[in-house]
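What follows is each chain in one-letter form.
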Amino acid sequence: MTPGERINQPAIRIVIAEDQALVRRGAALLLSMEPDMEVVCQARNGVEAVELARLLQPDVILMDLHMPLKGGVAATREITRAHPATQVLVLTTLNDDETVFEAVRAGAHAYLLKDADEDELLETIRALRRGESRLTPQIARKVMDQFRRLAPLPQSAPQEDPLQPGDNPKTEPLSDKEEKVLQLIAEGMTNRQIANALFLAEGTVKNYVSRIMEKLHANTRTELAILSRRQARPD
């Protein structure tokens, strides 16, 4: 999307939930300089974040995880359940496996560490506007590792795919192209990057993603990234 196209769209309405005033104000200053973004309010804790989500229904909430009164994971869970149109972007210093996985399970649509580049933060917010989810490769690996620990393949049948149609009649098999798209989603690629890698139109990739979500009964790209480990077939 060109800068001109961004200006012609309504600004992305953002709430920043962060208990450290300096970090909160710095993020607000950065985002307010972008013509396609508007910081509509700031929250000092998870309780305020949930209330602001109810009152303002922003497009995106930048969510810290370690906050007083109500933590970011609990706030994310409440917000995503009550306001599915609001996208939660976790922005935190916490990257231990359990914290990452709990945030994703709570419904976070993207997860960035606070040492991320400014451009990465801005692009992630814009990706959420486009309906994409984002996990950095480092975070995606943690999610995959945690999912394997919680849902290991049966030891008695290591070669069986737990998502084969025979095991679940409601699950349709993926085509070879769909499996490739799913693999690239799990690697953290955007629709545009997948299109370039597979020599497809970006609209075609979006259609593939929609069909994969329908077949695997997933609601977000993050869920697809998790399911990809189970969907993958042995070489």
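What you see is a predicted model, and the numbers here were worked out from it, not measured in a lab.

A. Unusual backbone geometry, seen in detail. A positive phi is found at leucine 69, a non-glycine position, where the angle reads about 70 degrees. Along the chain, leucine 69 falls in the loop between β3 (60–63) and α4 (72–82). Under the relative-accessibility criterion, leucine 69 is labelled exposed at 73%. Backbone geometry places phenylalanine 199, a non-glycine residue, at a positive phi of 60 degrees.

B. Spatial organisation of the packing of helix α9 (residues 191–198) against helix α10 (residues 202–216). Across the interface, α9 lies against α10 with an axial gap of 8 Å and an inter-helix angle of 110 degrees. Between α9 and α10, the interaxial angle falls into the category roughly perpendicular. Of α10, the residues touching α9 (which contributes Asn191, Arg192, Ile194 and Ala195) are Glu202, Val205, Lys206 and Val209.

C. Up close: the packing of helix α8 (residues 176–186) against α10. Viewed as axis vectors pointing N to C, α8 and α10 meet at an angle of 95 degrees, and their least axial separation amounts to 10 Å. On the basis of the axis angle, α8 is roughly perpendicular to α10. For the pair α8 and α10, the contacting residues are Lys177, Glu178, Val181, Leu182 and Ile185 in the first and Tyr208, Val209, Arg211, Ile212, Lys215 and Leu216 in the second. When its residues are assigned to classes, the contact of α8 with α10 shows seven nonpolar, no polar and four charged.

D. Spotlight on the environment of glutamate 202. If you trace the backbone, glutamate 202 turns up in helix α10. When the C-alpha atoms of glutamate 202 and asparagine 191 are compared, they prove to be 6.1 Å apart, with 11 residues separating the residues in sequence. For glutamate 202, the contacting residues outside a window of four places in its chain are Asn191, Arg192 and Ala195.

E. How the structure looks around the sheet that holds strand β5 (residues 110–113). Strand order in the open sheet formed by six strands is β2-β1-β3-β4-β5-β6, and the pairing between neighbours is parallel. Lying at the two open borders of the sheet, with one neighbouring strand each, are β2 (37–43) and β6 (134–135). Strand direction decides the pairing type here: strand β4 (residues 87–92) and β5, joined by four bridges, are parallel. In the sheet register, valine 90 faces β5, and the bridge partner there is tyrosine 111.

What counts and how
Residues numbered from 1 in each chain as written. Predicted model: local features only at pLDDT ≥ 70, side-chain atom pairs only at ≥ 80, totals over all residues. Heavy atoms only, no water. Helix = DSSP H or I, 4+ residues; strand = E, 2+ residues; numbered from the N terminus. Buried < 20%, exposed > 50% of the residue type's maximum accessible area, 1.4 Å probe, protein only. Axes fitted to C-alpha atoms, helices over the stretch in contact; angles between N-to-C directions. Parallel < 35°, antiparallel > 145°, perpendicular 65-115°, else oblique. Contact = heavy atoms within 4.5 Å. Nonpolar A, V, L, I, M, F, W, Y, C, P; charged D, E, K, R; others polar. Pairing = 2+ DSSP bridges.

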